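In case you want the letters, here they are:
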Amino acid sequence: MSLTDSSMERADIAFEVNGAAVSVSVPPVRRLSQVLRDELRLTGTKVGCDAGDCGACTVLVDGNPVCACLVPAASVSGASVTTVEGLANGGLSALQASFLEHGAAQCGICTPGLLVSATALLQRNPTPSEAETQDALGGVLCRCTGYRKIVAAVMDAWQHMNGVDHRLPEAGRAVGASLIRLDGLPKVTGAEKFGGDTFPADALAVLVVRSPHYHARFSFGDIKAWAKAHTGVAGVITAADIAGKNCFGVIGPFADQPALAEGFARFRGEAVALVAGEREAILDLDLTDFPIAWTELPHVLQPHEAKAERAALIHQHRPANLLTSGFVERGDPDAALAAAAVTVSGAIETSFVEHAYIEPEAGYAYMDDDTLVVVACTQAPYMDRDDTAKVLGLPVDNVRIVPTATGGGFGSKLDVSLQPLIGLVAMKTGRPAALAYTRNESMMSTTKRHPAEMKATIGADAEGRVVGMIFEGDFNTGAYASWGPTVANRVPVHASGPYLTPNYRAEGRAIHTNGPIAGAFRGFGVPQATIMQETLYDELADKLGMDRLDFRLKNCLRNGSETVTGQHLASGVGIGDCLEALRPCWQRALAESEAFNAASTASKRGVGVASCWYGCGNTSLPNPSTIKVGISASGDVVLHQGAVDIGQGSNTVIAQICADALGLPLDKFRLKSADTAITPDAGKTSASRQTFVTGKAAEKAGRTLREKILRFANVSGQATIALEGASLNIREGEATRRVDLSSLKMDADGLVFVSEETYDPPTLPLDAKGQGKPYAVYGYGAQIAELEVDLKLGIVKLIKITAAHDVGKAINPLLVEGQIEGGIAQGIGMALMEEYIPGRTENLHDYLIPTIGDVPPIEHILVEVPDPEGPFGAKGLGEHVLIPTAPAILNAIRHAAGVLVTKVPATPSRILAAIREKEARR
């Protein structure tokens, strides 16, 4: 019998929550997490796995931290329970203040569990060490922060007994200030509402029937009779109930995925039917008797199988199971390699990587007259709106997407998931419909990082200058297109790395299989390609007898260089600055590793370096963002900001940019967050575009609004503006004009001055050889990994990561550091432990992501080489920070153990196998 068995007789259970006596009538084995969330509406306690693996639901029971998802309600009878909402009795504890000050909460979904666990620690030990902190918090997973700021916040909590300084900078001083998040307070108090936190009480609960097979035909039995036989089931919905076009996809010409499969399923986990019913009935519903018959069909999971001559086509209109390919060619690489003094060749294979955000997909839908409203976690509300409208046969104006707080995304929440499903139920039943994916169905049904099979050859002349490179890679895009075309096209542009490569040919192919759908994941294929290129650069440097850092500096792009697509980089190229900034660390680390290795035989220390570059925004495609900002009659600056903040800080950074462009202080700003009925389209949160693209739109909108005000007052650009209540004061020299805002005509939004501006980065299409201007702005970075390898066990111990990243202008240095640390943590996972295996790792117990003890000290070096195109010179950062980590780690393993692991992740067994193979060759 399950913990959520609603057929059990209910019992009255009395206990104390946050100092108040409560009593609930629930089945005794109901999960405490469900009781807190559903019965008491204390949604600060989050549910990430229902298995005790993630720790997001941690609460205190009689002062001891426990996972509420593993605690039956009956066991807390008479006990005292403390949730995140009760940590400061409505105020802000020193720990919560410290989390804000350190930027320790990014998306915020794991923050309550961390705060509760840390509170128990601090009650025992107010000044814990780093090891004690890591031990106490080791059961709570975080996917955003990289943990380092969390550890610092806990250790420094005692310094924040008087709270946190919420004062915001004066006008004109927001950009460059390390402000706490403007949306940070609800993240640390538990008040933030994520996708599963606000389900209407009368909402029908929805279950999704999914394929247990990689490829199968199916047919339904008497589903109406089945529904009638199950009390509380309102109905079963299949593809036959879809009124629109049963096909969605993030890139229109390649769209190919049905919301509900029709007749056969192409991958394990594909949705085939929906069951809607009353919440209590759905809690106890067993779908094993659901009337569906399956016939398994042959399937392929690897690109080489899918490309085989007689392989069955997964989509009949795509020969050889090729979704699409990208191609870049410049010069004559074959001749250049033939004439090179030194060449190196290699092959690298990478695995599926799961996004593993702590918040599974969740949301609800309802009808508001003739408008379908979907309230859910997402990275792309306008894309959700368009795809949901298409599937359901509605005009786009009759679909409204209201994003909730999003508990991590990293690319996977760009694709629609449950939006059309709950919308379909709401339309068919006339009642609100709610759905929260289980961890298992989230991991089996949503997108992954593309596995890659890559090979490359790079050559250099006798002086160590790269003369040519050839790269090719097959990327397993799974059953449906998703972002496969973007990966196939972005990889050839970036596979050279940020280096001058005069002769070059690269091809990236997206290949269909019956595996999981591979989509966007922080880098769109560039992290995989960078592993190939950067590991070969180490081999090339060694063959040339050159220092590996010097070799990279000799070949890196500079102002005035041309890229492999022929794009002239006039200014803003910061990779040389990043590599130079690493030199002191590089020299120290090499000296320390040499000394360590002279004294150690069981373990060896290694040092690795790798670089990255990344084009911000879409590849050679329109990429606009629109921002609206205005001043209300009551004297507020209202910022309509539609860029979804998934933890990266766009709510804060974009407001900082707009504030300085306008010339008014941030404390006058009021944010209208993403909502397709309220905010203009600021584009999707992906491709490291929001700070650059939406930030530029915010800068333009702020400057335009300022110009309107100055023209209204008939003053010059040297004038200053200030708000005092409903009075707008414009001062130039000794003269001051006061404008009574309440006397001016308001628009429909209550604004008396308003500006709306759009920015679309200037790019040019790529021709048949991939020549053109695919991006307006690139960001750059380089990282050093220091580690030890146990030669007998193959275990890697990370010592330190040093990261130098060119951000153009650090709009908010604190948030920049948080992005660097979080990206590095994900890069560590990709390099050493993360390998999604369909059917085997569909939970957070078997699928390993870095824990708080896996991330070493990180030193960040912020390099600021302004780009004239970016707002205040800023460049994107979100994806760049992950790209160099894995190759730096692999290069460090090679430096330590003398072997390159060619199948990533570099698990202990693979490291040992490589060592043994090397020894066998001796």
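Every residue gets a number counted from 1 within its own chain, in the order that chain's sequence is written. Only residues with pLDDT of 70 or above have their local features reported here, since the model is predicted, and side-chain atom pairs are shown and tallied only from 80 upward, although totals for entire chains, interfaces and linings are computed over all residues. Side-chain metrics rest on all non-hydrogen atoms present in the structure, leaving aside hydrogens and water.

(A) Fine view of the pattern of salt bridges. The salt bridge definition used is simple: a Lys or Arg side-chain nitrogen within 4 Å of an Asp or Glu carboxyl oxygen. Tallied over the full model, the rule gives 49 salt bridges. Close ionic contact of Lys448 with Glu354 constitutes a salt bridge, the shortest N to O distance being 2.8 Å. Of this pair, Lys448 sits in strand E19 (residues 448-449) while Glu354 sits in strand E14 (residues 353-354), and the two are 94 residues apart along the sequence. Accessibility classification places Lys448 together with Glu354 in one group, the buried group. Bridged by salt links that share partners, the residues Arg10, Arg30, Asp38, Glu39, Arg279 and Glu280 form one connected network. Where helices and strands are cited, they refer to DSSP runs of H or I of at least four residues and of E of at least two residues respectively, numbered from the N terminus. Using a 1.4 Å probe on the protein chains alone, a residue whose accessible area is under 20% of its type maximum counts as buried, one over 50% counts as exposed, and one in between counts as partly exposed.

(B) Quick look at the sheet that holds strand E2 (residues 20-26). Read across the sheet, five strands follow the order E2-E1-E5-E3-E4 without closing on themselves; strand pairing throughout is mixed. Two strands close off the open sheet at either side, each with one partner strand: E2 and strand E4 (64-67). Put simply, the sheet's adjacent strands are angled 40° from each other on average, direction ignored. For two strands to count as paired, DSSP must find a minimum of two bridges between them. Where strand E3 (residues 58-61) lies against E4, four bridges are found, and the strand directions are antiparallel. To obtain an axis, a line is fitted to C-alpha atoms, over the contacting stretch when the element is a helix, and the angle between two such axes runs from 0 to 180 degrees between their N-to-C directions.

(C) The arrangement of the packing of helix H15 (residues 526-544) against helix H16 (residues 548-555) in detail. With their axes 9 Å apart at the nearest point, H15 and H16 run at an angle of 105° to one another. Taken together, the axis directions place H15 and H16 in an arrangement best described as roughly perpendicular. For the pair formed by H15 and H16, the contact residues are Glu534, Tyr537, Asp538, Leu540, Ala541, Asp542 and Leu544 on the first element and Arg548, Phe551 and Arg552 on the second. Classes in brief: Ala, Val, Leu, Ile, Met, Phe, Trp, Tyr, Cys and Pro nonpolar; Asp, Glu, Lys and Arg charged; the others, Gly included, polar. Residue composition of the contact of H15 with H16, grouped by class: five nonpolar, no polar and five charged. Note on angle classes: values under 35 degrees are labelled roughly parallel, values over 145 roughly antiparallel, values of 65 to 115 roughly perpendicular, and the remainder oblique. Every residue pair with non-hydrogen atoms within 4.5 Å of one another is taken to be in contact.

(D) Here's a closer look at the environment of Leu882. Counting through the fold element by element, Leu882 comes out in the loop between strand E33 (858-863) and helix H21 (885-897). Residue classification places Leu882 among the buried residues on the basis of a relative accessible area of 2%.

(E) Structural detail: the environment of Ala261. If you trace the backbone, Ala261 turns up in the loop between strand E8 (233-237) and strand E9 (264-265). Put simply, Ala261 and Thr238 are 23 residues apart on the chain and 8.3 Å apart in space, counted from C-alpha to C-alpha.

(F) Seen up close, the packing of aromatic side chains. Pairing of aromatic rings covers Phe, Tyr and the six-membered ring of Trp, with a centre-to-centre limit of 6.5 Å; geometry is then stacked below 30 degrees between planes, edge-to-face above 60, and tilted otherwise. Taken as a whole and assessed by the stated rule, the structure comprises 15 aromatic pairs. Relative to Tyr364, the ring of Phe199 lies with its centre 6.3 Å away and its plane at 80°, an arrangement referred to as edge-to-face. In this pair, Phe199 is assigned in the loop between helix H6 (185-189) and strand E6 (204-210) and Tyr364 in strand E15 (residues 362-368), connecting sequence segments 165 residues apart. With relative accessibility at 23%, the residue Phe199 sits in the partly exposed group. Looking at Tyr364, the relative accessible area reads 11%, which means it is buried. Cluster of aromatic residues (ring-pair linked, three or more members): Phe218, Phe220, Trp226, Phe290 and Trp294. For a lysine, the NZ atom is tested; for an arginine, the CZ atom; a charge sits over a ring if that atom is within 6 Å of the ring centre and within 35 degrees of the ring normal. It is Arg449 that lies over the ring of Phe521; its NZ or CZ is 4.3 Å from the centre. The ring of Phe596 carries the charged tip of Arg605 above its face, separated from the ring centre by 4.7 Å.

(G) A look at the sheet that holds strand E10 (residues 271-277). The mixed open sheet is built from seven strands, whose spatial order is E8-E10-E6-E18-E15-E16-E17. Of all strands in the sheet, those with a lone pairing partner are E8 and strand E17 (399-403), marking the two edges. Within this sheet the neighbouring strands show an average axis-to-axis angle of 25°, counted without direction. The pairing of E8 with E10 spans four bridges and is classified as antiparallel. Bridge assignment links Val233 to a residue of E10, and that residue is Gly277. Contacts from helix H11 (residues 381-392) reach strand E16 (371-376) and E17, with the element oriented near 145° to E17.

(H) Representation of unusual backbone geometry in the model. Following Val904, the chain continues to Pro905 via a peptide bond in cis, the omega torsion being 15°. Tracing the backbone shows Pro905 in the loop between H21 and helix H22 (908-921). Of note, Asp50 is a non-glycine position whose phi angle comes to about 55°, a positive value. By relative accessible area, Asp50 is classed as partly exposed at 32%. The backbone of Phe872 sits at a positive phi, close to 55°, despite the residue not being glycine. Taking relative accessible area as the criterion, Phe872 reaches 29% and is therefore assigned partly exposed.

(I) Up close: the side chain of Arg143. Locating Arg143 in the fold gives a position in the loop between helix H4 (130-137) and helix H5 (148-155). Pairs of N or O atoms within 3.5 Å make up the polar contacts considered here, provided that, within protein, one atom can donate a hydrogen while the other can accept it, and that residues adjacent in sequence are counted only when both atoms are side-chain atoms. One polar contact links Arg143 to Glu834, side chain to side chain, over a distance of 2.7 Å.

(J) Region of the structure containing the nonpolar core. Grouping buried Ala, Val, Leu, Ile, Met, Phe, Trp, Tyr and Cys residues that are joined through side-chain atoms within 4.5 Å yields what is termed a nonpolar core. In this structure, Phe99, Phe471, Leu540, Leu787, Leu832, Ile889 and Ile893 are the most contacted members of the largest nonpolar core, which totals 157 residues. Ranked by the residues each element gives to this core, the list is headed by H15, at nine residues. Discounting residues that sit within four places of it in the chain, Phe471 has contacts with Met454, Lys455, Ala456, Val491, Ala495, Arg505, Ala506, Glu507, Ala529 and Met532. Within the second largest apolar cluster, 41 residues are counted, among which are Ala633, Val637, Cys658 and Leu728.

(K) Examining H16 more closely. For H16, a buried count of six out of eight residues is recorded, marking the element as mostly surrounded by other parts of the structure. Turning to H16, its buried residues number three or more, namely Arg548, Leu549, Phe551, Arg552, Leu553 and Asn555. Lining the buried residues of H16 we find strand E21 (466-478), H15, helix H17 (575-599), strand E23 (603-615) and H21. Measuring from the side-chain oxygen of the N-cap residue of H16 to the backbone nitrogen of Leu549 gives 2.9 Å; that N-cap residue is Asp547.

(L) View of H4. Of the residues making up H4, those classed as buried are Thr133, Gln134 and Leu137. Along the axis of H4, the buried residues cluster in a sector spanning 95°; they form a single face. Structural note: H4 exposes Ala131 and Asp135 on the side pointing more than 90 degrees away from its buried face. Buried residues along H4 sit in contact with helix H3 (111-124) and H5. What the arc measures is the spread of directions leading from the helix axis to the C-beta atoms.

(M) Local environment of the side chain of Ser98. Relative to the assigned elements, Ser98 resides in helix H2 (residues 94-102). Relative accessible area serves as the criterion here: at 0%, Ser98 is assigned to the buried category. Those residues in contact with Ser98 that sit more than four places away from it in its chain are Ala153, Asp156, Ala157 and His160.

(N) Up close: the state of the cysteines. In this description, a disulfide is simply a cysteine sulfur pair whose atoms lie within 2.5 Å. Here the structure, examined in full by the defined rule, presents zero disulfides. Unpaired in this structure, Cys142 has its nearest cysteine sulfur neighbour in Cys110, at a distance of 3.5 Å. Its relative accessible area of 6% is what places Cys142 among the buried residues.

(O) Main features of the environment of Thr58. Examined against the element boundaries, Thr58 turns out to sit in strand E3. Sequence-wise, Thr58 and Thr295 are 237 residues apart; in three dimensions their C-alpha atoms are separated by 43 Å. If we ignore the near neighbours within four places in the chain, the residues touching Thr58 are Pro65, Val66, Cys67, Gly113, Val116, Ser117 and Val140. At 2.6 Å, the side chain of Thr58 and the backbone oxygen of Gly55 are in polar contact.

(P) Looking closely at the packing of helix H20 (residues 813-832) against H21. Across the interface, H20 lies against H21 with an axial gap of 8 Å and an inter-helix angle of 50°. One finds that H20 runs oblique with respect to H21. Between H20 and H21 lies a crossing whose hand is right-handed. Residues Gly823, Ile824, Gly827, Ile828, Ala831 and Leu832 of H20 form the contact with H21, whose participating residues are Thr885, Ala886, Ile889 and Ile893. Of the residues belonging to the contact of H20 with H21, the class tally is seven nonpolar, three polar and no charged. In this scheme the handedness of a crossing depends on how the near helix is turned from the far one: anticlockwise by less than a right angle means left-handed, clockwise means right-handed.

Note that all results are geometric; they support no functional claim without further evidence.
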